[in-house]
Amino acid sequence: QVQLVESGGGSVQAGGSLRLSCAASGVTVSSRCMAWFRQAPGKQREAVATISTGGSTDYADSVKGRLTISRDNAKNTVYLQLNSLKFEDTAMYYCATRFGGGPCNTVTSAFSYYGQGTQVTVSS
């Protein structure tokens, strides 16, 4: 059974930083395309970052240069480092994965499993 448990969210002032964690079980993060999504109130969920089995990363244009996805294979955990946070980054952030191959990116990939999310609130 796949379980993804996010943590690390919180409230921060604009310009600040946070690091989100996604602890995985029932799946090995190094052998799957892993992603971070976010959903702000009244908006659709969007993929913001992906990391492939080979370690290649992809980011949504809105977060390039500010967010970094990484993983720790020994801990079977995926991270999302958020820097230079803006008010518009306020959202629930979700970790996601899938079974199966194909491209691993924020635009065309489809994901089947999501965690429960962790809230990030940025005050201006």
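On a predicted model such as this, the values are computed, not experimentally measured, just so you know.

Turning our attention to the side chain of T106. By secondary structure assignment, the location of T106 is in the loop between β9 (91–97) and β10 (113–114). For T106, a relative accessible area of 15% puts it in the buried group. Reaching out from T106, the side chain makes a polar contact with the side chain of D58 at a distance of 2.8 Å. Among residues more than four places away in sequence, those in contact with T106 are A47, V48, A49, T50, D58, Y59 and A60.

Looking at where Y93 falls in the secondary structure, it is placed in strand β9. Here the alpha-carbon distance between Y93 and S7, two residues 86 residues apart in the chain, equals 9.4 Å. Among residues more than four places away in sequence, those in contact with Y93 are E6, L20, W36, F37, R38, L80, L82, G117, T118 and V120. Engagement of the side chain of Y93 in a polar contact is seen with the backbone oxygen of D89, the distance being 2.7 Å.

Procedures and definitions
Residues numbered from 1 in each chain as written. Predicted model: local features only at pLDDT ≥ 70, side-chain atom pairs only at ≥ 80, totals over all residues. Heavy atoms only, no water. Helix = DSSP H or I, 4+ residues; strand = E, 2+ residues; numbered from the N terminus. Buried < 20%, exposed > 50% of the residue type's maximum accessible area, 1.4 Å probe, protein only. Polar contact = N/O pair within 3.5 Å; in protein donor to acceptor, adjacent residues only side chain to side chain. Contact = heavy atoms within 4.5 Å.

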